Amino acid sequence: MKKLSLVIPCYNEEEGLLLFFEEVEKVRKNLPLEFEYLFVDDGSTDGTLKVLRTLEAEHSEEVHYLAFSRNFGKEAALYAGLQASTGDYVTLMDADLQDPPELLLEMYAKIQAEEVDCVAARRSDRSGEPFLRSLFSRLFYRIMNLISSTPVIDGVRDFRLMTRQMADSILELSEYNRFSKGLLTWVGYHTEYVAYENHERVAGKTSWNFWSLLRYSIDGFINFSEVPLIIATWSGIISTFLSLCAIAFLIIRQLFFHHSVSGWTSLTVIVIFCFGFTLMMLGIIGKYISKIFLETKRRPIYIVREKK
Ligand code: UDP
Ligand code: MG
């Protein structure tokens, strides 16, 4: 019998974990697969690890867990889970039941096809999501696809079933700055989608707020696109050219028409504009340099404190 590894990142999920496990067990009965649960406790501050220890004690055959020494983020947890997985198929799944386990049946049916390497879940709607959040998400996907050559599809979550081969390819991308939405498509392979309706989280609360999502989006742009740098370069060239023209014009006017000193306001405005603009561009460049900095340190992506 083939084996399926379930990689489940958990951050403060103590309330929903048991329910999650029960729901997945129900699905398991209908699948001709051996299961291997890989829970990754991403430095939770609640009782998540305790729940995982009990689960492991009761089902030591199939339940395994890793616990990080601190919160390293979902991307790191996914990477750790993938590294520990041994199954012929691997699935990435949230612990809050927002990724409906029943979908695994449909996904498994689809992945049987010769040419399919991955089946990903795609939300057909954004119901239950605040208006502004949905607006900004859409904007993010628009910009991302405009400036990056790695396509990122709106509504596709990390929830997916993939072959061992694809999982191994993802593991080969060992970069420190992990933007999984991009990494998962960067590796290529043939991906099919199954649509489903948005589900609310069963317990606990989301670890995302507006600012963390904004930071996440900027990370996505920077990690998967060089367009911000190109914009910086071109706007620098254009504004330098324009200001050179303006300087020539002013000198000629002064020499031939003896124009008296005026226009302090416009001058100040221009100076401030140039200054702000330069700082903004430096910021963009700095962002890339900080990524390089972190990457060259070759720090581990995560640190495991406990493993079973
Ligand atoms: N998660 C994690 N580390 C974090 C934040 C979240 O492992 O730092 C896990 C979390 O436990 C859940 C999944 O990632 O299983 C998705 O998190 P969340 O529900 O907060 O995100 P959303 O569903 O709102 O995108
Ligand atoms: Mg969630």
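Everything discussed here concerns the structure shown above.
Just so we're clear, the structure is a prediction, and the values are computed from it rather than from any experiment. (Residues numbered from 1 in each chain as written. Chains lettered and ligands numbered in written order. Predicted model: local features only at pLDDT ≥ 70, side-chain atom pairs only at ≥ 80, totals over all residues. Heavy atoms only, no water.)

Caption draft 1: Representation of the packing of aromatic side chains in the model. Per the stated rule, a full pass over the model turns up 16 aromatic pairs. Taken together, a centroid distance of 6.5 Å and an interplanar angle of 65 degrees make the contact between Y79 and Y302 edge-to-face. With Y79 in helix 3 (residues 74–84) and Y302 in the loop between helix 10 (264–297) and strand 8 (304–307), this residue pair connects regions lying 223 residues apart in the sequence. Looking at Y302, the relative accessible area reads 18%, which means it is buried. (Phe/Tyr/Trp six-rings, centres within 6.5 Å; stacked < 30°, edge-to-face > 60°. Helix = DSSP H or I, 4+ residues; strand = E, 2+ residues; numbered from the N terminus. Buried < 20%, exposed > 50% of the residue type's maximum accessible area, 1.4 Å probe, protein only.)

Caption draft 2: Representation of helix 1 (residues 14–28) in the model. In this model, helix 1 (15 residues) spans 22 Å end to end at C-alpha, consistent with the 21 Å of a helix rising 1.5 Å per residue. Among the residues of helix 1, those classed as buried are G16, L17, F20, F21, V24, E25 and V27. Buried positions along helix 1 lie against strand 1 (3–10), strand 2 (34–41), helix 2 (48–58), strand 3 (63–68) and helix 4 (103–111). (Expected span 1.5 Å × (residues − 1). Contact = heavy atoms within 4.5 Å.)

Caption draft 3: Looking closely at unusual backbone geometry. Its identity as a non-glycine residue notwithstanding, L97 has a phi of 65 degrees, on the positive side. Within the secondary structure layout, L97 lies in the loop between strand 4 (89–92) and helix 4. With a relative accessible area of 10%, L97 lands in the buried category. Backbone geometry places Y189, a non-glycine residue, at a positive phi of 70 degrees. Mapped onto the secondary structure, Y189 falls in the loop between helix 7 (180–186) and strand 7 (191–196).

Caption draft 4: Geometry of the nonpolar core. Ranked by internal contacts, the top residues of the largest apolar core, which has 37 residues, are L6, I8, Y37 and F39. Beyond its immediate chain neighbours, meaning those up to four positions away, Y37 contacts L6, I8, F21, V24, E25, R28, E62, V63 and H64. Formed by 35 residues, the second largest nonpolar core is a distinct cluster that contains V7, M166, F179 and L183. (Core = buried A, V, L, I, M, F, W, Y, C linked by side-chain atoms within 4.5 Å.)

Caption draft 5: Expanded view of the coordination of the magnesium ion (ligand 2). Ligation of the magnesium ion (ligand 2) by protein atoms is provided by D96 (OD) and Q98 (OE1), these donors lying 1.9 Å from the ion. According to the relative accessible area criterion, Q98 is buried, its value standing at 18%. (Donors = N, O, S within 2.8 Å, 3.2 Å for Na, K, Ca; no water.)

Caption draft 6: View of helix 5 (residues 131–147). Taking 1.5 Å per residue, 17 residues should reach 24 Å; helix 5 reaches 25 Å between its end C-alpha atoms and fits that length. Lining the buried residues of helix 5 we find strand 6 (156–163), helix 7, helix 8 (210–224) and helix 9 (227–257).

Caption draft 7: Focus on the pairing of strand 6. Among the eight residues that make up strand 6, eight are buried, leaving the element largely enclosed by the rest of the structure. Across four bridges, the pairing between strand 4 and strand 6 is antiparallel. Bridge pairing in strand 6 places Y89 opposite T163. Two strands pair when backbone bridges link them, and strand 5 (residues 118–123) and strand 6 are joined in this way by four bridges, in the antiparallel orientation. The partner of C118 across the bridge, within strand 6, is M162. (Pairing = 2+ DSSP bridges.)

Caption draft 8: The environment of T240, seen in detail. Looking at the element boundaries, T240 is found in helix 9. The sequence separation of T240 and C274 amounts to 34 residues, and the corresponding C-alpha distance is 9.4 Å.

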